[in-house]
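Fold and geometry: a report
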Amino acid sequence: MQFITAGESHGPCLTAIVSGVPAGLAISEDHINSDLARRQGGYGRGGRQRIETDTATVLSGVRFGKTLGTPVAIQVKNRDWENWTDRMAVFDDAPADLVREVTPRPGHADLVGVLKRDRFDCRDILERSSARETAARVAAAGIAREFLAAVGVEVTSYVTRIGDAAWDEEEPMTRCADYTPLQIEMSDVRCPDPAASEAMKDAIDRAIDEGVSLGGTFRVVASGLVEGLGDYASGPERLTSQLGAALFAVPAIKGVEFGIGFQAAALPGSQVHDPIVLSGRKFVRATNNAGGLEGGMTNGMPLVMTCAMKPIPTMASPLATVNLDTFEVAEASRERSDVCAVPAAAVVAESEVAFVLANAYLKQFGDANMTDILANIEQYKQRLRNRTK
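Report on the accompanying structure. Model, not experiment: these values are computed from the prediction.

By way of backbone hydrogen bonds, the strands of a sheet pair with one another, either parallel or antiparallel. Strand order in the open sheet made by the four strands is 1-2-6-3, with antiparallel pairing throughout. Looking at which strands have only one partner, the edges of the open sheet turn out to be strand 1 (2–6) and strand 3 (56–58). Within the sheet, the average angular offset between the axes of one strand and its neighbour, ignoring direction, is 20°. Note: strand 1 against strand 2 (residues 13–19), five bridges, orientation antiparallel. Paired with Q2 across the strands is S19, a residue of strand 2.

The structure is reproduced here in structure tokens:
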């Protein structure tokens, strides 16, 4: 299962095409739209979110609510397009009063993009490099999430830090799968702890007053996975490498940890590796420091990944830059932007993880139709149970 997206931030729409989808998978536009709404939410979001009400329209690959086994095309319209039709026209000449963006933002793709593509207007770069594109990713991942739900897998996320406000979470590697969607989504910052949520909102309020932006950290958790997804035989086949690549594809992600991550570097092996025990007819781990991955494969424990997001480059009090026309010192451009988008980035990361996990299942259990896939998964689980008879 693969996806490709197209569209600019202020163009007519965003489009995603998902290929490799098995036939017979039930799809709900309401489920996709629910995820799009979660991506738009979160304390500290900007004015764009008050304009857009993202809604997915499935255009192909589905009949009577079930996939046909052919590519699925999904469209998300940009309501703001009506305010940009002249400045973002696909054809025709540029308007006479067009203002070019010539003061690239530090930390953004603006400058390097115009140098690479030989452009003279940062808008040619920023329209596509904008995180607005992630709406199409979340819509596309709705297909992967429906597949994972059908095989008993749930992918969630929650925020653990915004700026200097951090949640001192107890036993996160074992308790992370216990937080309910209601606990997470009822928080304005998608943090299950009420006290930490308020501290994070206070940090955002201070950032607004100071004209700066904030980053933070969040966890993505997948539960219900069978053992043995991924492989150990080569680097690219390891699920660790696939998940890492997918998470770093989310704009502004600067660090990814699996399990206890960097903490493992400071501890002896006796305090890092998870003892193997037998629970009923299943091999399990007494702890989950590995975060559900061993040797590049799932081990049946919850999959736990922690991601660090940098602050958004656009700020109300911009940093210094160089004007592309005059080569003089200038203030970086101000696009309408968020002060903090960590809660939204966590939802996008869920989507990236969902695609990797869906692909791992399809590779291991077939990809033609849901009837055969589900039968193959049940046979695999039975074989694993038989080992401990």
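Once that is clear, we can look at the pairing of strand 11 (residues 276–279). Direction of pairing for strand 11 relative to strand 12 (residues 282–285): antiparallel, over a ladder of four bridges. Within strand 12, the residue paired with I276 across the bridge is R285. The hairpin turn running from strand 11 into strand 12, its antiparallel successor, is two residues long, and G280 in that turn takes a positive phi close to 65°.

We now examine a nonpolar patch on the surface. A contiguous nonpolar patch, built from L111, V112 and L115 and spanning about 300 Å² of accessible area, is present on the exposed surface. Relative to the helices and strands, L115 resides in helix 3 (residues 110–117). Under the relative-accessibility criterion, L115 is labelled exposed at 63%.

Basis of the calculations
Residues numbered from 1 in each chain as written. Predicted model: local features only at pLDDT ≥ 70, side-chain atom pairs only at ≥ 80, totals over all residues. Heavy atoms only, no water. Pairing = 2+ DSSP bridges. Helix = DSSP H or I, 4+ residues; strand = E, 2+ residues; numbered from the N terminus. Axes fitted to C-alpha atoms, helices over the stretch in contact; angles between N-to-C directions. Patch = residues over 30% accessible without salt bridge, like charges linked within 9 Å, V, L, I, M, F, W, Y side chains within 5 Å. Areas by Shrake-Rupley, 256 points an atom, 1.4 Å probe, with all protein chains shown as cover. Salt bridge = Lys/Arg side-chain N within 4 Å of Asp/Glu carboxyl O. Buried < 20%, exposed > 50% of the residue type's maximum accessible area, 1.4 Å probe, protein only.

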